[in-house]
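A closer look at the structure
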2 protein chains.
Amino acid sequence: MPYKERDIEKQYYTIGEVAAQFDVAPSLIRFWETEFEDLKPRKSKKGNRLYSPQDIETFRTIYHLVKERGYTIPGARDIMKQRGPQLKEKVDVIHSLEKVRNFLVQLRKELDVAGKQQNPAQQPEQ
Amino acid sequence: MPYKERDIEKQYYTIGEVAAQFDVAPSLIRFWETEFEDLKPRKSKKGNRLYSPQDIETFRTIYHLVKERGYTIPGARDIMKQRGPQLKEKVDVIHSLEKVRNFLVQLRKELDVAGKQQNPAQQPEQ
DNA sequence: ATGTCGCGCTCTTTGTAGGGCATGGGGCGG
DNA sequence: CCGCCCCATGCCCTACAAAGAGCGCGACAT
């Protein structure tokens, strides 16, 4: 397993928060809910979707397959059935690396403010 | 004469033969030719496509990715650039790590120039 | 031999069904 | 009133298929 990060995670997110986090439209999240069995968030009494951190992970996996790897929706469904656990670890690793990257970017900002004179390092992409 | 000529003929397949072998329409093979750089068969003087065994292998790979694994065409193109589906996923991780490493190397350079600061960086949030 | 007819295969260009969402309307609740 | 709910419908590309035209080769007659 990838290392466990000590995040203070909210228990539930609204669809708007999830949409903002991944920069997608809420309609896309609702649409994927009709396409992927695994993406079934809780709902409040009123009917609003309540996304747990686990739901976010599921969404992230789908997002990775469809938007970053180029699977069709049926193709992504198959992969999630067959190689779900293995795949999840890879996605976790990539996500952890992205967090580290964000941290480093922030760290450099602080160092720039403190030192501020030399040419800034090129920021890693992706 | 029959021996030699038959041998030469077997070096190449027509589009109809390839289509029959994979049970697809010739139009699909031509379309994929416009989408995948690697699928460029020789052409006769007349302009007819001549598929070598290597071309057949290339087509088989594309067929596998698009029809059996469920990749989109852009997704399959990306995979084709690599040297194998499993390798590709490893390469993703390695590539990410290399980017982070390059960033860190550059960051260390900056720290050498800037000298030591006691400004404690915060843990990455999230 | 040689015209020529037709058939099968190919070519390129143009048409199109459906996948993958987005948008708009009407309603509700905090 | 803003944000979310649920539909229904709209709509733009992707991923091919169909249409229309041309070549070449065998058969058959000349």
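The present account deals with the structure reproduced in this document. This structure is a prediction, so every number in the text was calculated from the model and none was measured.

1. Regarding the environment of Gln11(A)
Residue and element names in this part refer to chain A. Tracing the backbone through its elements, the reader meets Gln11 in the segment before helix H1 (15-22). For Gln11, a relative accessible area of 64% puts it in the exposed group. Distance in space between the C-alpha atoms of Gln11 and Tyr51 is 8.0 Å, their sequence separation being 40 residues. Sequence-distant contacts of Gln11, defined by excluding residues within four places in its chain, comprise Tyr51, Ser52 and Pro53.

2. Re the pattern of salt bridges
Residues and elements named next belong to chain A. Summed over all chains, the structure comprises seven salt bridges over all chains. Between Arg60 and Glu57 there is a salt bridge; the shortest N-O distance is 3.5 Å. With Arg60 and Glu57 both in helix H3 (residues 53-69), this residue pair falls three residues apart, about one helical turn. You'll find Arg60 and Glu57 in the same group, each marked buried.

3. Quick word on the protein's contact with DNA strand D
Taken together, 19 residues lie around DNA strand D, and Lys43(A), Lys46(A), Arg49(A), Leu28(B) and Lys67(B) are the ones closest in. Here the atoms of DNA strand D within 4 Å of the protein split so that 80% fall in sugar or phosphate, with bases taking the remainder. One nitrogen or oxygen atom from the side chain of Arg49(A) is found 2.5 Å from a phosphate oxygen belonging to DNA strand D. Between DNA strand D and Lys67(B) there is a distance of 2.4 Å, counted from a phosphate oxygen to a side-chain nitrogen or oxygen. Mapped onto the surface near DNA strand D, the elements with two or more residues apiece are H1 of chain A together with helix H3 (26-35) and helix H5 (73-81) of chain B. In terms of residue count, H3(B) provides more of the surface near DNA strand D than any other element does, four residues in total. When its residues are assigned to classes, the surface near DNA strand D shows seven nonpolar, six polar and six charged.

Criteria and cut-off values
- Residues numbered from 1 in each chain as written.
- Chains lettered and ligands numbered in written order.
- Predicted model: local features only at pLDDT ≥ 70, side-chain atom pairs only at ≥ 80, totals over all residues.
- Heavy atoms only, no water.
- Helix = DSSP H or I, 4+ residues; strand = E, 2+ residues; numbered from the N terminus.
- Buried < 20%, exposed > 50% of the residue type's maximum accessible area, 1.4 Å probe, protein only.
- Contact = heavy atoms within 4.5 Å.
- Salt bridge = Lys/Arg side-chain N within 4 Å of Asp/Glu carboxyl O.
- Near = heavy atom within 4 Å.
- Polar contact = N/O pair within 3.5 Å; in protein donor to acceptor, adjacent residues only side chain to side chain.
- Nonpolar A, V, L, I, M, F, W, Y, C, P; charged D, E, K, R; others polar.

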